[in-house]
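In case you want the letters, here they are:
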Amino acid sequence: MEEKTLKFASVSLAVLAVLVCALFPALPKLHTWQVERWEQLLAEEEYAQSQTQMNDLVLRESGTMNGHEGQLKLRLPQGVTGDIVSVVNDYVTQTVRVEIPETDPGYFDSYPVSGSSNHIAMLSYATKSGGGIIEIEMDQVYEIETEYDSEYYYFDFLTPQEVYDKVVVIDAGHGGRVPGATKQGVNEKDIDLAIVLQLQEIFAESGENIGVYFTRTDDSNPTFDQRVQLANKSGADLFISVHNNSTRSGRFSSVRGTQVMYDETSEASRNFAQICLEEVTGRLGSRDKGLVEGDSIYIIRTSEVPVALIEVGFMTNKEELELLRSEEYQRAAAQGIYNAVLRAFAEGY
Ligand SMILES: [Zn+2]
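Worth saying up front: this structure is predicted, and the values here are computed from it rather than measured. (Residues numbered from 1 in each chain as written. Predicted model: local features only at pLDDT ≥ 70, side-chain atom pairs only at ≥ 80, totals over all residues. Heavy atoms only, no water.)

Draft legend 1. Here's a closer look at a negative patch on the surface. A surface patch of like charges, here negative, comprises Glu145, Glu147, Asp149 and Glu151. Looking at where Glu151 falls in the secondary structure, it is placed in the loop between strand 9 (143-148) and strand 10 (152-158). With relative accessibility at 51%, the residue Glu151 sits in the exposed group. (Patch = residues over 30% accessible without salt bridge, like charges linked within 9 Å, V, L, I, M, F, W, Y side chains within 5 Å. Areas by Shrake-Rupley, 256 points an atom, 1.4 Å probe, with all protein chains shown as cover. Salt bridge = Lys/Arg side-chain N within 4 Å of Asp/Glu carboxyl O. Lys, Arg positive; Asp, Glu negative; His and termini not counted. Charge placed at Lys NZ, Arg CZ, Asp CG, Glu CD. Helix = DSSP H or I, 4+ residues; strand = E, 2+ residues; numbered from the N terminus. Buried < 20%, exposed > 50% of the residue type's maximum accessible area, 1.4 Å probe, protein only.)

Draft legend 2. Here's a closer look at the side chain of Asn89. Of note, Asn89 is situated in strand 4 (residues 86-90). Among the residues examined, Asn89 registers a relative accessible area of 17% and is labelled buried. Setting aside chain neighbours within four positions, we find Asn89 in contact with Thr95, Val96, Met138, Tyr142, Glu143 and Ile144. (Contact = heavy atoms within 4.5 Å.)

Draft legend 3. How the structure looks around the coordination of the zinc ion. Around the zinc ion, the protein supplies His174 (NE2), Glu188 (OE), Glu188 (OE) and His243 (ND1) as donor atoms, at distances of 2.1 to 2.7 Å. In this structure, the zinc ion is surrounded by 4 donor atoms whose angles at the metal cover 51 to 145°, and the resulting shape is irregular. For the zinc ion, the single-chain donor residues occur in sequence as H-x13-E-x54-H. Within this pair, whereas His174 is found in the loop between strand 11 (166-172) and strand 12 (182-183), its partner Glu188 is found in helix 4 (residues 188-206), the two being separated by 14 residues in sequence. The same class applies to His174 and to Glu188, which are both buried. (Donors = N, O, S within 2.8 Å, 3.2 Å for Na, K, Ca; no water. Tetrahedral: all angles 85-135°; square planar, octahedral: opposite > 155°, others 65-115°.)

Draft legend 4. Region of interest: the pattern of salt bridges. Inspection of every chain in the model, using the stated rule, returns 15 salt bridges. A salt bridge links Glu205 to Arg331; its shortest N-O distance comes to 3.5 Å. A residue pair is termed long-range when its members are at least 10 positions apart, and Glu205 in helix 4 and Arg331 in helix 9 (residues 327-346) qualify at 126 residues. For Glu205, a relative accessible area of 55% gives the class exposed. Given a relative accessible area of 26%, Arg331 falls into the partly exposed group. Arg256 is paired through a salt bridge with Glu320; the nearest N and O atoms lie 3.9 Å apart. Of the two residues, Arg256 is situated in the loop between strand 15 (238-245) and strand 16 (258-262) and Glu320 in helix 8 (residues 318-325); the sequence distance between them amounts to 64 residues. It is possible to trace a salt-bridge network through shared partners that takes in Glu278, Glu279, Arg343 and Glu347.

Set out below in C-alpha cells:
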C-alpha cells in the first residue's frame, strides 16, 4: 500500500514536472493574452459608450447614370446649402460623418442618399435637435473628395494608393483608461502619444507624398482590431506601433534600451523591425536590446502589413524614464522611426 502511494506520488510529480516544462515557454504568452484581454474589454466598452444610436438608411441606387462611377450623392434638404454641411472622415472606423443642420427628421426617411453602393458597407443616420447626422461606413479606408452645388453634395472615394506614393500606419500604444506601463505617475500611453505626435509633425514637414494614418492622435483608445484594421484596410506598406517597456516586476532596475517586436512568420516584418531597431538606437544612442518574436500580440499576429512594434525604452530604468519624458528624446525617437520608414521604402518596401 505504502509502496503504491509512493509510486503514485512520484509519477504525479514527474507528470507535473513535464507539464511545467512544456508550459514554461508559453507563460509570457499567457501573460500577454491576459493583459490584452483586459485592455480589449476596456477599449470595447469605451468605444460602445462613444457611439450614438444609429438607424438604418436606405441607399437609392442609381448606378452610374448620373455623376462619376462609384460616386455618392446627398440631396440637400430644403433651405440647407453645402457650406453649412460638415464632413469628417474617421479613418480608424472607416466612417464618414456628415452633419446636416437645420433639417426636419422626415428628410432622413426620404432617400436622401443615392448613387453607387460600390464602396459602402452600411448607411445610417441619427437625428438630433435641429438637424441630424448621416454615417457612411465604407468597406475599406478611402480618401474622400467632396463638392456641392445648389441641389446635391457629392462624394468621391479614392484609395490611399490613388492619392499617395506610399502609405504608413502609426499606432500609439494604449490610451483612454488603459495607461500601459506606469511609473512614478508617468503613463506609458502619454509617452507613446508624445512620440507619435512628434512623428506626425516630422511627416507633415517632410514634403514627401506619404499617406500617414494614425490610430490615435489624442487620449482615445481604439480596440486592437480597429488599430490593425486601419493598416489592413488602407493597404498600408508599413505598420508601426509605438510602445515603451517595463520589467515584469515593474520595479526600477538597470535594464534599459530599445527592443522591437516583429511577426516571426513574416520575413518582411523581421527585416523591417531590424531597420527600426538600427535607426532608433542609432538616433537615440540607446542600448540595442534586439528583436523579439511578437506573434502572441494580436496586432502583430493579424497584421497583413509588414509590422514592427517598437519598445522605445524602459520606463523602469530611472535614467531612461527621465529621457523618455523629455521632448528632445521624444523628438529623436520620432526622427529615428521616420528614418526607418524612409530607409525601408528605399529598400523596396
Ligand atoms: Zn505598451
